[in-house]
Protein chains: 2
Amino acid sequence: MQLKELGEKALIDILDKRFSQTDPRVIKGIGDDCAVTIPSSGKVLLSSTDTLTEEIHFSLTYTPAKLLGRKLVNVSVSDIIAMGGTPQFILLSITMPSTIDEGFITELYRGVKEACSESNMVLIGGNMSSTPSEGSIVLTSTILGEASRDEVIYRSGAAPGEAIYVTGTVGTSYLGLIGLQDDGPSAITRSPYRNSVARHLDPKPRTKIARTIARKGLATSMMDTSDGLAIDLATLAEASQVGATVETILLPISSEMQSYLKKENEDLQLPLRGGEDYELLFTAKEEHKEEITLLAEQSGIEITRIGLTEKLNKDSKSNNVRFLQNNGTELKIKNKGFDHYK
Amino acid sequence: MQLKELGEKALIDILDKRFSQTDPRVIKGIGDDCAVTIPSSGKVLLSSTDTLTEEIHFSLTYTPAKLLGRKLVNVSVSDIIAMGGTPQFILLSITMPSTIDEGFITELYRGVKEACSESNMVLIGGNMSSTPSEGSIVLTSTILGEASRDEVIYRSGAAPGEAIYVTGTVGTSYLGLIGLQDDGPSAITRSPYRNSVARHLDPKPRTKIARTIARKGLATSMMDTSDGLAIDLATLAEASQVGATVETILLPISSEMQSYLKKENEDLQLPLRGGEDYELLFTAKEEHKEEITLLAEQSGIEITRIGLTEKLNKDSKSNNVRFLQNNGTELKIKNKGFDHYK
């Protein structure tokens, strides 16, 4: 059944039932002018908003609705944990043409619910509206979380002479996107890059690692990677007013990516420019090296030291981040990532 | 200059400068994975999300960008104050084609800034992304506010035998929309319905009235009117599990609406179905009658008693809200308002 036959009220009723849950943090969830929630005493509030737009961030030709719902939640979860916080609540705004099938939205919400449940979160606000029939689906999530004030980790905390780390692998999500664009939905099961495809469609926030880093104070600065490591590290370095040198030989590249780069005769620019990894990028003092190694072992997820921060050369016209290759030359990143308006 | 020439980063830089303000409630605003803010001790958090979509909620053919920015903020402010709260922070997600002119977005943000300033609010989060060129502009605002827990006013608090009040006039925004659709942008200055046009393009949240109602505990239930009084009152009555009878002769109808209804030979269904008034709809015990009259005088804004709540007849198949005309018959509302998917 299409949404235009079902109607907005019937749809909201279905979803309300699905999300009617009691939680001690929530006085009133969906169903009034606002949600009313109880902040924990002495904590600071974290908030962030993200949008996924059809044909820009995803295509329905190869994106299962349930995974899209999970991703909508988890890209926001990633923002909260990358600040050292704990996610709590989410508000969603869904704009879509009335010709969309009811099944799409119930699957989308099934993914939303699953991801909320995995992160112990409550959906407390929703908004659904139509868009003209030729319009794109636009999904906006706003996430609320909290943290102890002294555990919050900003992008701006790095100092010269600190190690730079990244979790997981670099550029994996982008390779997954290439797989999907080449092979369509069959890439999910049959692509030579299917692990990357899975990562692209269903990114996993590094919650446990981030929580330990925040609790133990292991990082001086942290952010999640969403625009590609080259851009993200430049952002972190700029916020911290430091320079950074990455040794490209140290970059964690998946075996699928290695095969792809070899086959296509591409260099490491591709993984450095690929966005949407939602890994943690952080800097740490050398004294925490062993704790970080231990954390990687305990979590079963790679945490790789890729380089070092350095004093910013303010007179230099060149980039504040250098990617140094094994042969001693610099890898120049030509187009540093995705610009929404270019 | 079009956004595709300017680029996302340059645009964000322009807006960051515009919104770089220090506020004791904000530890970190725009520019990190999340905003970090300080909740007031002992208060509850209020949050709500709203979306304005081009060609559904507004048309650029007659909507000045600055007023659109103001409306984007103020429809959210209206949600917070209608719960008895104080708005504090806003996060915006802007999705638009890259062919939009830079001037549009700077004007939009000028309106956002003005409205934030009027409500002592800070823009703490932003997100900008593109949509395919044929796509609609989609603007989502998420508002955060706070309230003393014992001052929060829900939709569900009405009991039988209470007076029903509405601020301002009914259906005014919808008449303004008719004026704009008939005459285009010239309606702003030249329409016979130009006060209604002004109200449609630039709704004013009833902040002072709502604040006094909350502080003094004058209302048992409250909400803002956004879907038309007929739907909104039915929503409030359903949430409170009461019935309601409105005397149509008591409805506050502007002189512009009176002229229009006479000229078009329309009955009161039209103002009762017209959405987007963003007035306050509330119920109060008879003992507060004089204080409410005084509040109207002090604020210079009409607060009109339009009817009475009553015991819900659960066996009845008819509507829980009746609109009773002077001749003793009921005014039947045929199509109770706007359904986004029908």
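Basis of the calculations
Along each chain, the written sequence defines residue order, and numbers are assigned to residues from 1. Chain labels run from A onward and ligand labels from 1 onward, assigned in the order the entries are written. Selection of residues for local features in this predicted model requires a pLDDT of at least 70, selection of side-chain atom pairs for listing and counting requires 80 or more, and totals for whole chains, interfaces and linings are taken over all residues. Segments assigned H or I by DSSP are reported as helices when at least four residues long, segments assigned E as strands when at least two residues long, and all are numbered from the N terminus. One less than the residue count of a helix, multiplied by 1.5 Å, gives the span that helix is expected to have. Pairing between strands requires that DSSP locate at least two bridges from one strand to the other. Axis definition: a line fitted to C-alpha atoms, limited for helices to the stretch in contact. Angles are taken between N-to-C directions and run from 0 to 180 degrees. Residues with at least 20 other C-beta atoms within 10 Å of their own are called buried, those with 12 or fewer are called exposed, and the rest are partly exposed. The C-beta atoms themselves are positioned from the backbone. In this comparison the copies share one frame, found by least squares on the C-alpha atoms of residues holding pLDDT of at least 70 in both. The contact rule is simple: place each C-beta atom from the backbone, and if two of them lie within 7 Å, those residues are in contact.

(A) View of helix α4 (residues 102–118) of chain A. For α4 of chain A, spanning 17 residues, the distance from its first C-alpha to its last is 25 Å, which sits close to the expected 24 Å at 1.5 Å a residue. Residue N120 of chain A follows α4 of chain A closely and has a positive phi angle near 55°.

(B) Region of interest: the sheet that holds strand β2 (residues 35–37) of chain B. Ordered by their spatial adjacency, six strands build an open sheet running β5(A)-β4(A)-β6(A)-β3(A)-β2(B)-β1(B), and the pairing between neighbours is mixed. Bordering the open sheet on either side are β5 (122–130) of chain A together with β1 (26–28) of chain B, each of which pairs with just one other strand. Between one strand axis and the next, the sheet turns by 20° as a mean value, whatever way the strands run. As judged from the nine bridges shared by strand β4 (residues 86–96) of chain A and strand β6 (residues 138–148) of chain A, these two strands associate in the antiparallel manner. Opposite I94 of chain A, over in β6 of chain A, you have L139 of chain A as the bridge partner.

(C) Structural context of the pairing of strand β3 (residues 43–53) of chain A. The buried count for β3 of chain A comes to nine of eleven residues, which makes it a mostly enclosed element. In terms of strand pairing, β3 of chain A meets β6 of chain A through eleven bridges, oriented antiparallel. Looking at the pairing, L45 of chain A lines up with E146 of chain A of β6 of chain A. Two elements, β3 of chain A and β2 of chain B, share three bridges in a ladder whose sense is antiparallel. Bridging from a neighbouring strand, L45 of chain A pairs with T37 of chain B of β2 of chain B.

(D) Looking closely at the relation of the copies chain B and chain A. When chain B is fitted to chain A, the residual RMSD is 0.0 Å, and the transformation amounts to a turn of 180° plus an axial shift of 0.0 Å. What we have between these two chains is a two-fold relation. By C-alpha distance to the rotation axis, the residue of chain B lying nearest is G135 of chain B, at 2.4 Å. Most of the interface of chain B is mirrored in chain A, where 100% of its interface residues are also at the interface.

(E) Focus on the environment of S148 of chain B. Residue placement: S148 of chain B occurs in strand β6 (residues 138–148). Once the C-alpha coordinates of S148 of chain B and T49 of chain B are considered, the two residues, 99 residues apart in sequence, prove to be 21 Å apart.

(F) The arrangement of the sheet that holds strand β1 (residues 26–28) of chain A in detail. Spatially, the six strands line up as an open sheet ordered β1(A)-β2(A)-β3(B)-β6(B)-β4(B)-β5(B), and their pairing is mixed. Bordering the open sheet on either side are β1 of chain A together with β5 (122–130) of chain B, each of which pairs with just one other strand. Strand-to-strand, the axes of this sheet are offset by a mean angle of 20°, without reference to chain direction. Alignment of strand β4 (residues 86–96) of chain B against β5 of chain B, held across eight bridges, turns out to be parallel.

(G) The arrangement of the pairing of strand β10 (residues 280–284) of chain A in detail. All names here are of chain A. When you tally the buried positions in β10, you get five out of five residues, the bulk of the element. Both faces of β10 are covered, namely the face carrying L280, F282 and A284 and the face carrying L281 and T283. Bridge count for strand β7 (residues 163–167) against β10 is four bridges, and the pairing is antiparallel. Each bridged residue has a counterpart across the sheet, and for A163 the counterpart in β10 is A284. The sheet contact formed by strand β8 (residues 221–224) and β10 spans four bridges and is antiparallel. Bridge pairing in β10 places S221 opposite T283.

(H) Local environment of the environment of S240 of chain B. Within the secondary structure, S240 of chain B sits in helix α9 (residues 229–240). Leaving out residues up to four positions away in the same chain, S240 of chain B has contacts with R155, S156, G157, A158 and S221 of chain B.

Take it as geometry only, folks, not as evidence of what the structure does.
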